[in-house]
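# Fold and geometry: a report
Okay, here's what each chain looks like letter by letter:
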Amino acid sequence: MRGVWTTAGVREAEDEVLARTPDGALMQRAAHAVARRAAAMLTEHTGGVSGRRVLLVVGAGNNGGDALWAGAFLRNRGVGVGAVLLAPEKAHAAGLAAFRRSGGRVVSESDVPQWTERAELVVDGVVGISARGPLRPAAADVFDRVTAPVLAVDLPSGVDPDTGAVDGPAVHATATVTFGARKPVHLLNPGRCGDVTLVDLGLPLGAEHGRSPELRQLDVADVAAAWPVPGPEDDKYTQGVAGIAAGSATYPGAAVLAAGAAVRATSGMVRYAGPAADEVRSWWPEVVATGSVADAGRVQAWAAGPGLGTGRDGCDVLAHVLGQGVPVCADADAITLVATRPEVLDARDPDTPLVLTPHDGEFARLTGDRPGADRVAAARAAARRFDAVVLLKGHHTLVAAPDGRVLVNRPRGAWLATAGSGDVLSGILGGLLAAGLDPWLAAGAAADVHARAGEIAAAGVPTSASQVLMAVPEAIRQVRALCDDGSSGA
Ligand SMILES: NC(=O)C1=CN([C@@H]2O[C@H](COP(=O)(O)OP(=O)(O)OC[C@H]3O[C@@H](n4cnc5c(N)ncnc54)[C@H](O)[C@@H]3O)[C@@H](O)[C@H]2O)[C@H](O)CC1
Ligand SMILES: [K+]
């Protein structure tokens, strides 16, 4: 699992290191990494380094200082480097002095068009972890002219470092070199960051330094661990029995999808309980189907809600499963029931794990507000409020635990926004909860495999929930293969 720290955490750790390192040493290490990445990009895009042209766009602080030092290192490799100083009087003094000593040129305002036209690489040193808001007009004007690849220093300027939100002009980087730790923007808005390189500056970050990461990202090894290969002593019960309480006579499809996903995602037994028993049986003969939750045998977890209905009957079903003392994944109509009939939660023992899986609309029903720009904060607050794991669906599905931990999932292909896709996710999650996984990890692993199944099923064209469901085993196989190859699977 990889950690991500907010700008506050990084700055605190940076200040601690700065206090004990010679002036400029940290910056020069950071800048040298930027110069190396810039040289690699020049080679990739133009076939060489010496004699190429690079334009630095330099802001008022240390981010600009990194860019200026990087420009000096590039000058030493024969690169023609110009620097646009957005705030000349505030440009980093030592960086600017080093840049001038190396023969770098400060670009006058009148020469900016010529430089932006001729540059073969542009380095974004406008602003880093102290960024507030979009690019200001002067910087936006420069980047509007840029056609060459852009290398962002630390993070793309104009994008919120801690939420990844963009509410005005902002840099679209081809690549980013970041320092010390990845920031939320690198996970929440990878489209703006491009290919991210992390440079270790030896910052004291981590629980051992009292600085736990704000966000986490599962590695494939974490996801693969959710699907242990059954051993010789395993049987259909040891893998956990998942209960699916979904669907209605009117809407059997949700039950078929959710039950099928649990069947395809795990090797334990799956029980279905509800009025769609005949349809579920006809699709999935492996499923032990009964007409109501009261008749269903013992299960180790329930996935409830898809197509359940939001009336009295649905509420009784939800209350029943919440009262069984096993983990419950509440999705779709179950979320609406929690929102409209909150007394249904009275059936839940305080130590019964609950996972809520809302999309933005269901989140608004549940909490009274849509998640807004800071999705991490919204998911975290809802997890605390309901004392539940909240899997907030979106381009980057977030999984917040009541204790504040937040997982950011791999980007979900747009194709997953298809009817029934949520039913598949709740079936996968029900299977993992039944296997006894920590609910927060189970939700993260289920979202990861669900996203991969969507990519496999779609392969670039529209797909359907049934195809996503059928792709689940292949997605698990892909995770295992990546894990065996030692990939992080980002
Ligand atoms: N601390 C170190 O030695 C190292 C830091 N590194 C780099 O430093 C930046 C953080 O630098 P800092 O001076 O704190 O601020 P910034 O350069 O991010 O911002 C400067 C300045 O810009 C103004 N500003 C805020 N928002 C905007 C905006 N939207 N447009 C223009 N200007 C803006 C505001 O006044 C800020 O104070 C960090 O990102 C690293 O790049 C190295 O990592 C290592 C050594
Ligand atoms: K930047």
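These figures come from a predicted structure and were not determined experimentally. (Residues numbered from 1 in each chain as written. Chains lettered and ligands numbered in written order. Predicted model: local features only at pLDDT ≥ 70, side-chain atom pairs only at ≥ 80, totals over all residues. Heavy atoms only, no water.)

The next subject is helix α17 (residues 439–458). In this model, α17 (20 residues) spans 28 Å end to end at C-alpha, consistent with the 28 Å of a helix rising 1.5 Å per residue. Along α17, 17 of the 20 residues are buried, which leaves the element largely enclosed by surrounding structure. Residue Asp-438 occupies the N-cap position of α17, its side-chain oxygen lying 2.7 Å from the main-chain nitrogen of Trp-440. Phi turns positive one or two residues past the end of α17, at Ala-459, with a value near 45 degrees. (Helix = DSSP H or I, 4+ residues; strand = E, 2+ residues; numbered from the N terminus. Expected span 1.5 Å × (residues − 1). Buried < 20%, exposed > 50% of the residue type's maximum accessible area, 1.4 Å probe, protein only. Polar contact = N/O pair within 3.5 Å; in protein donor to acceptor, adjacent residues only side chain to side chain.)

A few words on unusual backbone geometry. Positive phi, normally seen in glycine, also occurs at Asp-154, with a value near 75 degrees. Residue placement: Asp-154 occurs in the loop between β6 (150–153) and β7 (175–179). With relative accessibility at 6%, the residue Asp-154 sits in the buried group. Of note in the backbone geometry, Ala-332 takes a positive phi value of approximately 55 degrees without being a glycine. The exposure class assigned to Ala-332 is buried, which follows from its relative accessible area of 16%.

Another aspect to go through is the UniProt feature "binding site: K(+)" (unreviewed entry) in the protein. Taken from the UniProt record, the annotation "binding site: K(+)" (unreviewed entry) applies to Asn-63, Asp-124 and Ser-157. Taken along the chain, the residues just named run across 95 residues; in space they keep tight, none of their C-alpha pairs more than 9.8 Å apart. Tracing the sequence through the fold places Asn-63 in helix α3 (residues 62–75). The exposure class of Asn-63 is buried, given its relative accessible area of 9%. With near-sequence residues (within four places) excluded, Asn-63 lies in contact with Asp-124, Gly-125, Val-126, Val-127, Gly-128, Val-153 and Asp-154. Structurally, Asp-124 can be placed in strand β5 (residues 121–125). Since its relative accessible area comes to 0%, Asp-124 is described here as buried. Those residues in contact with Asp-124, other than ones at most four positions away along the chain, are Val-57, Asn-63, Phe-143, Val-150, Leu-151, Ala-152, Val-153, Leu-155, Pro-156, Ser-157 and Val-171. (UniProt positions renumbered as here; feature names shortened; annotations may be inferred. Contact = heavy atoms within 4.5 Å.)

Here we take up the environment of Met-269. Along the chain, Met-269 turns up in the loop between α10 (252–265) and β11 (270–273). Here the alpha-carbon distance between Met-269 and Tyr-237, two residues 32 residues apart in the chain, equals 6.5 Å.

Around ligand 1, 22 residues are found, and the nearest of them are Asn-63, Asp-66, Gly-128, Ser-130 and Asp-154. A distance of 2.7 Å separates an oxygen atom of ligand 1 from a polar atom in the side chain of Ser-130. In the complex, 82% of the free accessible area of ligand 1, which totals 860 Å², lies under the protein chains. Elements that contribute at least two residues to the shell around ligand 1 include exactly α1 (7–18), α2 (25–46) and α3. When its residues are assigned to classes, the shell around ligand 1 shows 11 nonpolar, 6 polar and 5 charged. (Near = heavy atom within 4 Å. Areas by Shrake-Rupley, 256 points an atom, 1.4 Å probe, with all protein chains shown as cover. Nonpolar A, V, L, I, M, F, W, Y, C, P; charged D, E, K, R; others polar.)

Before going further, it helps to examine the side chain of Asp-124. No salt bridge is formed by the buried Asp-124, whose closest oppositely charged neighbour, Arg-192, lies at an N-O distance of 9.4 Å. There is a polar contact of 3.0 Å between the side chain of Asp-124 and the backbone nitrogen of Val-126. (Lys, Arg positive; Asp, Glu negative; His and termini not counted. Salt bridge = Lys/Arg side-chain N within 4 Å of Asp/Glu carboxyl O.)

Below, the discussion takes up the nonpolar core. With 61 residues, the main nonpolar core has Trp-227, Ile-244, Tyr-272, Val-280 and Val-424 as its most contacted residues. Here this core gets 10 residues from one element, more than from any other, and that element is α17. Sequence-distant contacts of Ile-244, that is, excluding residues within four places in its chain, are made with Ala-258, Ala-259, Ala-262, Val-270, Arg-271, Tyr-272, Ala-273, Trp-302, Ala-303 and Gly-427. Of all hydrophobic cores here, the second largest spans 52 residues; its members include Ala-38, Ala-67, Ala-83 and Val-159. (Core = buried A, V, L, I, M, F, W, Y, C linked by side-chain atoms within 4.5 Å.)

Counting through the fold element by element, Phe-73 comes out in helix α3. In sequence terms Phe-73 and Ser-464 are 391 residues apart; their C-alpha atoms lie 52 Å from each other. Apart from the residues lying within four places of it in its own chain, the contact partners of Phe-73 are Gln-28, Ala-31, His-32 and Ala-35.

We now examine the packing of aromatic side chains. Enumeration over the complete set of coordinates arrives at 2 aromatic pairs. Taking the centre distance of 6.5 Å and the plane angle of 40 degrees together, the rings of Trp-283 and Trp-284 count as tilted. What makes Trp-283 exposed here is its relative accessible area of 57%. For Trp-284, a relative accessible area of 8% gives the class buried. (Phe/Tyr/Trp six-rings, centres within 6.5 Å; stacked < 30°, edge-to-face > 60°.)

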